[in-house]
Amino acid sequence: HFEKVGFIGLGNMGSKMANNLIKAGYNVAVHDINLSVIKMFSDKGVTIKGSPMEVAEISDVVITMLPSPSHVLNVYTGPNGLLNGGNRVNPWLFIDSSTIDPQTTRKISSAVSSCALNEKRDPWVKPVMLDAPVSGGVPAAEAGTLTFMVGGPEEAYKAAKQLFSSMGKNTIYCGGAGTGSAAKICNNLAMAVSMLGVSEAFVLGQSLGITATTLTKIFNSSSARCWSSDTYNPVPGVMDGVPSSRNYDGGFASTLMAKDLNLASTSAKEIGLNCPLTSEAKDIFTKLCDEGHGKKDFSCVFRHFYSGKDE
Ligand code: NAD
């Protein structure tokens with residue numbers, strides 16, 4: 001049962017998700033280190049807290065939406081963190097929706113379950129954590145149509161479903177702790193590699209004399225068909241309404257893709273798995289960012305990596 005929801009990390013995604021929770025009638029308290037975003041929420045009359053610990057003290061459930069693993073670790077286990085030094089906590093449920101690696105997720109999940117609930121709640125019950133990264137980007141966060149990929153105890157997942165449906169359209173239960181994070185980084189890895197494959201094929205095809213429009217028609221009715229060819233085509237002029245048709249603006253930034261590939265690569269290394277395409281894709285997107293295209297949609301790899309043209 002939860003009415004009081006704490007929300008930490010009110011950036012591009014988190015601010016929209018928190019707004020949807022407020023709209024759905026939850027009693028929301030927020031925290032962020034960015035004072036200008038905090039002002040936006042306090043102007044609306046939302047409860048503001050000065051630290052993660054203070055958010056935890058008044059919440060039944062706490063949701064985090066932070067940039068990367070180190071931020072999440074810090075907010076949970078750092079000074080004035082959610083777990084308050086690893087003792088007793090007030091919320092029975094912690095949900096992390098940040099995109100981070102499953103190893104860090106599991107570390108935090110076990111730190112959560114080594115705590116107990118406050119005496120005034122139920123001292124014998126252990127709090128639990130769900131990893132629930134999202135797919136859909138800022139427009140879906142705003143519209144409340146995100147997809148949540150959820151790892152952790154199934155009972156907690158069932159109990160939190162209503163909360164997820166206030167912020168999203170689909171929730172998929174993935175299994176135990178860390179499987180939501182694993183799903184997210186694997187999805188983005190496959191998306192990056194298919195985008196690279198399609199881009200490379202278009203560049204080769206064009207150089208061999210076939211137009212991208214014709215090649216797209218072939219792909220989309222043949223075995224090369226994929227999201228990068230039929231929904232998010234990287235070649236300008238082939239499809240309307242996609243980033244490639246508007247100078248690669250909007251969409252999913254190359255910096256975020258580089259970050260997610262870095263997580264996939266770190267995870268693979270940690271378990272000793274050889275993933276050559278992950279490393280290659282990570283290097284390509286890191287190079288794109290280093291060359292100043294980090295803010296452009298990741299499909300700009302077609303223009304900048306392969307043709308080297310700067311427009
Ligand atoms: P963002 O950088 O816009 O927001 C992060 C927020 O966290 C900022 O407001 C920042 O001030 C706050 N923050 C950082 N450290 C903090 C701390 N110690 N305590 C309190 N607040 C802190 O990032 P975003 O675009 O909202 O993305 C958040 C997460 O969601 C990332 O992991 C990202 O990979 C993932 N994601 C993003 C998108 C997208 O399209 N933007 C899509 C899917 C998933």
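Treat the numbers as computed from the prediction; the structure is a model and nothing was measured.

S.K.: Could you give an account of the nonpolar core, naming the residues involved and the relevant values?
M.R.: Within the largest apolar cluster, 80 residues are counted, with the highest numbers of intra-cluster contacts made by Ala192 and Phe285. A total of ten residues in this core trace back to one element, the largest contributor, which is helix α8 (residues 179–207). Inspection of this core shows a minimum of three residues originating in each of domain 1 (4–176) and domain 2 (183–307). Beyond its immediate chain neighbours, meaning those up to four positions away, Phe285 contacts Ala192, Ser254, Met257, Ala258, Leu261 and Phe298.

S.K.: Explain the site of the ligand residue by residue, including any values.
M.R.: Surveying the vicinity of the ligand reveals 25 residues, the closest of which are Gly9, Gly11, Met13, Asn34 and Thr99. At the level of elements, α4 (69–77) and α6 (137–143) are the ones that each hand at least two residues to the shell around the ligand. Grouping the amino acids of the shell around the ligand by side-chain chemistry returns 13 nonpolar, eleven polar and one charged.

S.K.: How would you sum up the UniProt feature "domain: 3-hydroxyisobutyrate dehydrogenase-like NAD-binding" (unreviewed entry) in the chain? Please name residues and give values.
M.R.: According to UniProt, the "domain: 3-hydroxyisobutyrate dehydrogenase-like NAD-binding" (unreviewed entry) feature falls on residues 178–303. In this annotation, residues 178–303 is assigned 63% helix and 0% strand; the end-to-end C-alpha distance for the span is 35 Å.

S.K.: An account of the domain arrangement of the chain is requested, with residue identities and associated values reported.
M.R.: Accessible area lost upon the coming together of the parts serves often as the stated size of an interface. What the domain assignment reports for the chain is domain 1 (4–176) and domain 2 (183–307). A separation of 31 Å is found between the C-alpha centroids of domain 1 and domain 2. The interface of domain 1 with domain 2 comprises eleven residues on the first partner and eleven residues on the second. Partitioning the side of domain 1 that touches domain 2 into residue classes produces five nonpolar, five polar and one charged.

S.K.: An account of the UniProt feature "domain: 6-phosphogluconate dehydrogenase NADP-binding" (unreviewed entry) in the chain is needed here, citing residue identities and associated values.
M.R.: Residues annotated by UniProt as "domain: 6-phosphogluconate dehydrogenase NADP-binding" (unreviewed entry) correspond here to residues 4–175. Across residues 4–175, helical content stands at 39% and strand content at 26%; the span's end C-alpha atoms are separated by 26 Å.

S.K.: Account for the pairing of strand β4 (residues 61–64), with residues named and values stated.
M.R.: Of the two faces of β4, the one lined by Val61 and Ile63 and the one lined by Val62 and Thr64 are each fully buried. The pairing of strand β1 (residues 4–8) with β4 spans four bridges and is parallel. Across the sheet, Ile8 pairs through a bridge with Thr64, a residue of β4. The sheet contact formed by β4 and strand β6 (residues 93–96) spans four bridges and is parallel. Across the sheet, residue Val62 finds its bridge partner in β6, namely Phe94.

S.K.: If you had to explain the pairing of strand β8 (residues 128–131) to someone new, which residues and values would you point to?
M.R.: Side-chain alternation along β8 places Val128 and Leu130 on one buried face and Met129 and Asp131 on a second face that is also buried. Two elements, β6 and β8, share four bridges in a ladder whose sense is parallel. If you follow Ile95 over to β8, its bridge partner there is Leu130.

S.K.: Summarise α8; cite the residues concerned and give the values.
M.R.: Because the α-helix completes a turn every 3.6 residues, residues three or four places apart line up on one side. The terminal C-alpha atoms of α8 lie 42 Å apart, and with 29 residues this matches the ideal 42 Å at 1.5 Å per residue to within 8%. Looking one or two residues past α8, Gly209 carries a phi angle of roughly 105°, positive in sign.

S.K.: Describe the environment of Leu288, with residues and values.
M.R.: Note that Leu288 resides in helix α12 (residues 276–293). Residues within four places of Leu288 in sequence aside, it is in contact with Ser254, His293, Val301, His304 and Phe305.

S.K.: Pulling in residues and values, what's your account of the packing of α8 against α12?
M.R.: As a packed pair, α8 and α12 sit with axes 10 Å apart at the nearest point and diverge in direction by 75°. The angle between the axes of α8 and α12 places the two elements in the roughly perpendicular class. Listed contacts from α12 to Leu189, Ala192, Val193 and Leu196 of α8 are Leu277, Thr278, Ala281, Ile284 and Phe285. Its residues assigned to classes, the contact of α8 with α12 shows eight nonpolar, one polar and no charged.

What counts, and where the lines are drawn
- Residues numbered from 1 in each chain as written.
- Predicted model: local features only at pLDDT ≥ 70, side-chain atom pairs only at ≥ 80, totals over all residues.
- Core = buried A, V, L, I, M, F, W, Y, C linked by C-beta atoms within 7 Å.
- Buried ≥ 20, exposed ≤ 12 C-beta atoms within 10 Å, placed from the backbone.
- Helix = DSSP H or I, 4+ residues; strand = E, 2+ residues; numbered from the N terminus.
- Domains from an automatic or database assignment.
- Contact = placed C-beta atoms within 7 Å.
- Near = placed C-beta within 6 Å.
- Nonpolar A, V, L, I, M, F, W, Y, C, P; charged D, E, K, R; others polar.
- UniProt positions renumbered as here; feature names shortened; annotations may be inferred.
- Pairing = 2+ DSSP bridges.
- Expected span 1.5 Å × (residues − 1).
- Axes fitted to C-alpha atoms, helices over the stretch in contact; angles between N-to-C directions.
- Parallel < 35°, antiparallel > 145°, perpendicular 65-115°, else oblique.

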